[in-house]
Amino acid sequence: MRIVARRGLTVSLAGAPIQEVGADPVASHVGVMGADYPVMRTELLVEEGQSVEPGTALFRDRNRPRIVVTSPVFGEVEQISIGHRRRLSALTIALGEDSGGEPIRFPPGQAATPAGLRTFLLESGLWPALRTRPFERIPDPDGVADALFITAIDTAPHAPDPRIVLADRAEDFARGVEALTLLTEGPLFVCQDSGPALLEGLPERVSLVRFAGAHPAGLVGTHIARLRPVDGQGTVWHIGYQDVAALGRALASGKLDPVRTIAISGPGLRSARLVRAPLGVDLHGLLRSEITAGAKRIISGPILSGRESRYLARYHQQVTVLDRVEPRRRHWLLGALRQAAAPAPFIPTQALEQSFGPNLPLVPLLRALSIEDAQTCERLGCKALAEEDLALASYASGGSTDFGARLRAVLDRIEEPA
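Keep in mind it's a predicted model, so treat the numbers as computed, not measured.

### Considerations on the overall build of the chain
1) Next: From N to C terminus, the chain includes 12 helices and 19 strands.
2) Next: Structurally, the chain occupies a C-alpha span of about 60 × 50 × 45 Å along its principal axes.

Written as structure tokens, this is what we have:
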């Protein structure tokens, strides 16, 4: 199947990466960020100074204790930071050498059945790679998906090319895809670009769908809207292609694979390219010898939907480095008045209409989001969206309103128990 996304925009940004995996910078620390698990009430399972290895459980969800987050590396827990309302802010690990002991193994033989695969994913800490629509949350361990989406296409500015990333991981990727068919009795969609098939001899219930077009043709929200729209009752799950390949390798070896191929790019870098680094890598250390002179903004993720961060976020596959431009100073009273004012207006333009992948009424939705009218937003289909689906709309409207942040505030309100 081939789908051409008629909507979409091209965002120009200097410093595009060479789509080749170059020399890997040296990493010294990784960080597990609480912001990547926003509704998880964390119960810590390690303490500062404790040695860990790939697969060591770092913390679990108090409300759903079968969901654990595990260490991606050998090292020592250096710092645990607790933030607002006693929520985990960050857990940092100083990388160390393998102590020579037997690494943690998760028996892959148990993953041959649906229940066994769930157990394998949960115990190894791979379960959080899965996310749901609606609400973009980690699924319940006993949850059921009506369909599952594997995103093997990325149209964000400066994103790594999945074909390059998977060039030496084809067997791992195929093994991971086949295993994931055990998680749903519904269809499994592998969404890729319009080139040659990433998979041959597809397992039963697996459909390979080629998407063509500009961003947001590569977003899972676009794919779900075209292939399995989320209604008031249905739930779909999705997972990124690198997590699928990591699952495939873990099923072959019984050991976790913490390394991801990420793009480091942007006008603030001397050499923009693809590199391999562990999950949660310390971006300041990783890029110290790569950036040009002057103050910089280091963004985990794409320029449109990433966030300024010291550590690579759990679901990001790129890092964007920008020159820091100091904002023009305003009088404090003018700033306060602007903050208290009504949301900034936006003009419905052709570019704004082109910025949205799902076939939903964009302008009415943005107006409802601007005033955080949760009831209208829900009626217009906001539950099927995540922040990244509206990042291009924020850009196309001039950036005066972060529609992704407003969407999250509305989704949180809808999700609250009555």
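### Thoughts on the pattern of salt bridges
In a structure, side chains of opposite charge can pair up when their charged atoms sit close to one another.
1) Next: Taken as a whole and assessed by the stated rule, the structure comprises 29 salt bridges.
2) Next: A salt bridge links aspartate 389 to arginine 133, with the shortest nitrogen-to-oxygen separation between them at 3.1 Å. One end of the pair, aspartate 389, is in helix α11 (residues 387-396); the other, arginine 133, is in strand β10 (residues 131-133), and 256 residues separate them in sequence.
3) Next: According to the relative accessible area criterion, aspartate 389 is buried, its value standing at 2%.
4) Next: The class of arginine 133 is buried, set by a relative accessible area of 0%.
5) Next: Measuring nitrogen to oxygen at the nearest pair gives 3.5 Å for the salt bridge that ties arginine 276 to aspartate 168. Here the residue arginine 276 occupies a position in strand β16 (residues 273-278), and aspartate 168 occupies one in the loop between α2 (162-165) and α3 (170-180), the gap between them amounting to 108 residues.

### Side note on the nonpolar core
1) Next: Formed by 53 residues in total, the largest nonpolar core has its most connected members in Leu91, Trp127, Ile150, Phe173, Val177 and Leu183.
2) Next: The element best represented in this core is helix α5 (residues 241-253), accounting for 6 residues.
3) Next: Ignoring sequence-local partners within four residues, the contact set of phenylalanine 173 consists of Ile150, Ala152, Leu166, Val190, Leu198, Leu199, Tyr241, Val244 and Ala245.
4) Next: Of all hydrophobic cores here, the second largest spans 20 residues; its members include Leu380, Cys382, Phe403 and Leu407.

### A few points about the environment of glycine 213
1) Next: If you trace the backbone, glycine 213 turns up in the loop between β13 (206-212) and α4 (220-227).
2) Next: Along the backbone, glycine 213 and arginine 7 are 206 residues apart, and their C-alpha atoms lie at a distance of 7.5 Å.
3) Next: Ignoring sequence-local partners within four residues, the contact set of glycine 213 consists of Ala5 and Thr155.

### Digging into the domain arrangement of the chain
1) Next: Domain boundaries in the chain define domain 1 (2-12 + 26-253), domain 2 (259-323) and domain 3 (340-415).
2) Next: Summarising the inter-unit geometry, the C-alpha centres of domain 2 and domain 3 are found 27 Å apart.

### Digging into unusual backbone geometry
1) Next: Here the amide bond leading from arginine 133 into proline 134 is cis, since omega sits at 10°, within 30 degrees of zero.
2) Next: Along the polypeptide, proline 134 turns up in the loop between β10 and β11 (147-151).
3) Next: Here the bond from histidine 215 into proline 216 is cis, since omega is 20°, no more than 30 degrees from zero.
4) Next: With phi around 80°, phenylalanine 135 is a residue other than glycine that occupies positive phi space.
5) Next: Looking at the element boundaries, phenylalanine 135 is found in the loop between β10 and β11.
6) Next: Here phenylalanine 135 falls in the buried class, since its relative accessible area comes to 15%.
7) Next: The backbone phi angle of histidine 158 is positive, close to 70°, even though this residue is not glycine.
8) Next: Mapping histidine 158 onto the fold places it in the loop between β11 and α2.
9) Next: Residue class for histidine 158 comes out buried when judged on its relative accessible area of 12%.

### Overview of the sheet that holds strand β4 (residues 42-44)
1) Next: Spatial strand order, β4-β6-β7: 3 strands in an open sheet with antiparallel pairing. What marks the edges here is a single partner per strand, and that holds for β4 and β7 (68-70). Along the sheet, successive strands turn relative to each other by an average axial angle of 25°, direction set aside.
2) Next: Looking at chain direction, strand β6 (residues 57-61) and β7 are connected through 3 bridges and run antiparallel. Residue arginine 60 lies in a different strand from β7, and its bridge partner there is valine 68.

So, how was this worked out
Residues numbered from 1 in each chain as written. Predicted model: local features only at pLDDT ≥ 70, side-chain atom pairs only at ≥ 80, totals over all residues. Heavy atoms only, no water. Helix = DSSP H or I, 4+ residues; strand = E, 2+ residues; numbered from the N terminus. Salt bridge = Lys/Arg side-chain N within 4 Å of Asp/Glu carboxyl O. Buried < 20%, exposed > 50% of the residue type's maximum accessible area, 1.4 Å probe, protein only. Core = buried A, V, L, I, M, F, W, Y, C linked by side-chain atoms within 4.5 Å. Contact = heavy atoms within 4.5 Å. Domains from an automatic or database assignment. Pairing = 2+ DSSP bridges. Axes fitted to C-alpha atoms, helices over the stretch in contact; angles between N-to-C directions.

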